[in-house]
Amino acid sequence: TSPAEHCTSEHANMGTSVVFIFFCATLWTGVSSYVYQRIGMSTNDNQRLTLQDAGWISWTTGTDQYEDSQDIRVYFEAPAGTRILLIFQDIDIEQHSNCGYDRLEIYDRITSSTSAVPQRTVCGTSQTDFVSTGNVITIRFKSDGSRQGHFRLLYTVFNYGSNCSADECKCTNGRCISALLHGDGVNNCGSTDVSDDDSVCDNEGYTVLAMHGNNGQTLTLEDAGYISWTTSNSDYANSQDIRVYFRAPTGKRILLMFYNIDIEDNTNC
């Protein structure tokens, strides 16, 4: 995964003759900086686990294959104000008309009650996404002794907002997910989106550096931001010759992405 997949932004068309560049100062290591959390149900019976930005839930951290005659209940908690998306990435749970043999039960709250009615009961080989109404869920897995199967769920912690924060990306379905998940080959937005590659990393909170008014100046870059003609992203003026120097912290390199440019075309510029 390249730095571009972790420092990506899109912006509405700003009109003609505009230069709009997103920069990211990153310590390039050649590998993704985000590691998905892996949670095994089998070793966490009756435990309350804290969720990270995204991760995988399966029978164990090493295998999706579950065992016979099991009854396991795990409680999951995300940060206050967020919600939890579950995508049933790969499941093969013994099929039954009312999931009476093997099943996953999803509760939209923390509950240890054996008489509580789950919001979702899952068996078979496919299932639509589950979205919590709050920041906690309970998952119970129960199997009989007749047949083994497997399950692997992808969870993503998200929130809804008219504007995502500076460290989030906005999915086309309105969900705000961590910017670290953007374009990593896993769809964290939900099955209703083709891919979170289409998500928009909001520019709220990012620095906008202007070329105009800084001729001959050396500007210090923050972690990420924008370079434009002016801070208001207006069109550039005629008959200009501006040179600006940009410096990132020692040990970091600078990635430039040309997200919105309209500069008069010519074979040799």
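Scroll up to find the structure this text is about.
None of these values were measured; they are calculated from a predicted model. (Residues numbered from 1 in each chain as written. Predicted model: local features only at pLDDT ≥ 70, side-chain atom pairs only at ≥ 80, totals over all residues. Heavy atoms only, no water.)

Q: Let's hear about the environment of Ile87: which residues, and what values?
A: As for its placement among the helices and strands, Ile87 is situated in strand S6 (residues 83-92). Considered as a pair, Ile87 and Cys189 are 102 residues apart in the sequence and their alpha carbons are 9.6 Å apart. Residues within four places of Ile87 in sequence aside, it is in contact with Asp129, Arg152, Leu153, Leu154, Asn187, Gly190 and Ser191. (Helix = DSSP H or I, 4+ residues; strand = E, 2+ residues; numbered from the N terminus. Contact = heavy atoms within 4.5 Å.)

Q: Residues and numbers for the nonpolar core, please.
A: With 29 residues, the main nonpolar core has Met41, Ile57, Phe76, Leu86, Ile139, Phe151 and Leu153 as its most contacted residues. Of all the elements in the fold, those that place two or more residues in this core are strand S5 (71-77), S6, strand S7 (103-107), strand S10 (136-142) and strand S11 (150-160). The contacts of Ile139, once residues within four sequence positions are left out, are Met41, Ile57, Ile72, Arg73, Val74, Phe76, Leu86, Leu104, Glu105, Ile106 and Leu153. Tyr36, Leu85, Cys169 and Leu181 belong to the second-largest nonpolar core, a separate cluster that totals 14 residues. (Core = buried A, V, L, I, M, F, W, Y, C linked by side-chain atoms within 4.5 Å. Buried < 20%, exposed > 50% of the residue type's maximum accessible area, 1.4 Å probe, protein only.)

Q: Go over unusual backbone geometry, please, and point to the residues and values.
A: Of note, the phi angle at Ser69 is positive, near 55°, even though the residue is not glycine. With phi around 55°, Ser239 is a residue other than glycine that occupies positive phi space. With respect to the element layout, Ser239 can be found in the loop between strand S17 (224-228) and strand S18 (245-247).

Q: Go over the pairing of S6, please, and point to the residues and values.
A: Of the strand pairs in this sheet, S6 and S11 are connected by nine bridges, and their pairing is antiparallel. Among the inter-strand pairings, Ile87 is bridged to a residue of S11, identified as Leu154. (Pairing = 2+ DSSP bridges.)

Q: A description of the sheet that holds strand S3 (residues 48-50) should follow, citing residues and the corresponding values.
A: Read across the sheet, five strands follow the order S3-S5-S10-S7-S8 without closing on themselves; strand pairing throughout is mixed. Looking along the sheet, the strands with just one partner apiece sit at the ends: S3 and strand S8 (120-122). Between one strand and the next, the sheet's axes are offset by a mean angle of 25°, whatever the strand orientation. As paired strands, S7 and S10 are joined by five bridges and run antiparallel to one another. For Tyr107, the partnering residue across the bridge sits in S10 and is Thr138. (Axes fitted to C-alpha atoms, helices over the stretch in contact; angles between N-to-C directions.)

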